[in-house]
Amino acid sequence: MSCLQTIADYSLRSIGIGERLLPRSDFTLCQQFTLIGSGMLQNIYFGTLALIAGFVLAVLLAVGKNSANPLFRKPAEWVIFIFRGSPLFIQFFFAYFLFLSLKGVSGFFDPLTSAWAGALVVLLLNTAAYSGEIFYGALQSIPKGDLEAADAYGLTGWPRFKRVVWPTMLRLAWPAYTNEAIFLFQSTALVYFSGFPAFKQMGDALYYANYFADKTFNPFVPYPILAMYFIILTLIVISIFGFINKLLNQHLPQNKRQKIKLRPRLIR
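Notes on the structure follow. (Residues numbered from 1 in each chain as written. Predicted model: local features only at pLDDT ≥ 70, side-chain atom pairs only at ≥ 80, totals over all residues. Heavy atoms only, no water.)

**Some points on the environment of Asp146**
Thought 1: Note that Asp146 resides in helix H6 (residues 144–152).
Thought 2: With 86 residues separating them in the primary sequence, Asp146 and Leu60 have C-alpha atoms 21 Å apart.
Thought 3: Among all residues touching Asp146, those that are not within four sequence positions of it are Val164 and Thr168. (Helix = DSSP H or I, 4+ residues; strand = E, 2+ residues; numbered from the N terminus. Contact = heavy atoms within 4.5 Å.)

Written out as structure tokens, the structure is:
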């Protein structure tokens, strides 16, 4: 089988398109690059949807935690504390058995016992908690002069939040939020170990890397390929978030613009 035929057969396998059966012998570099790259589509799916939905929830949590009303502040504080205070790996296992119990109550919860939905919910809540704390810190760091200027112009409520608080919060939080986004995409590799089963063997990148490592008894080929794909994904995320960061700071003088600094986390 030629490399082009391998790409045609397996490049979209992780989303259910192409050859159903995995290679059984004569494992080539092309097969490993193609299938692990195909699995990255699942990681991108988890990371992108969790990032978008988690961003919205994170803003709500930050605003809630910053609220003077305890009915909004206390729930936000507890959600942030629970998901930041417990390991993501444990959250995956706890959520899986919780969803499995709920499945017996109603068929509505059936999708949550699969990786494509259940693991996504866990990643969403986890990144929302971390991002919510980042945005809360940004809310606390908004210069008082900006708020006083808004008051002087008669801005209150939603107009004040939309025109002054929201853009300033994003500008202050964006470098730290970029690191959270990078770590979120890297955390998608944990889905393989989470207990959530892959749908019809359409697994993520680590699923295929582990398959080749088991079959060839050589982990020094598939895992470096997997690492290479994640490095490329990280560079893409840095580029996109760096561009957004420039847009958020374009009104500021050059010497006052915040630059994104990567701070890798070794453990979460």
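Read on for the rest.
**Considering the packing of aromatic side chains**
Thought 1: For the coordinates displayed, the defined rule picks out 24 aromatic pairs.
Thought 2: Plain terms: the ring middles of Tyr96 and Phe97 are 5.5 Å apart, the flat faces sit at 70 degrees to each other, and that makes the pair edge-to-face.
Thought 3: Exposure remark for Phe97: the relative accessible area of 49% places this residue in the partly exposed category.
Thought 4: On the numbers, 5.1 Å between centres and 20 degrees between planes, the contact of Trp174 with Phe241 is stacked. Taken together, the residues span a long stretch of sequence, with Trp174 in helix H7 (residues 157–187) and Phe241 in helix H9 (residues 222–249) at a distance of 67 residues.
Thought 5: For Trp174, a relative accessible area of 6% translates into the label buried.
Thought 6: We classify Phe241 as buried; its relative accessible area is 8%.
Thought 7: The ring of Tyr136 carries the charged tip of Lys65 above its face, separated from the ring centre by 4.7 Å.
Thought 8: Over the face of the ring belonging to Tyr130 we find Arg84, whose NZ or CZ atom lies 5.8 Å from the ring centre. (Phe/Tyr/Trp six-rings, centres within 6.5 Å; stacked < 30°, edge-to-face > 60°. Buried < 20%, exposed > 50% of the residue type's maximum accessible area, 1.4 Å probe, protein only. Lys NZ or Arg CZ within 6 Å of the ring centre and 35° of its normal.)

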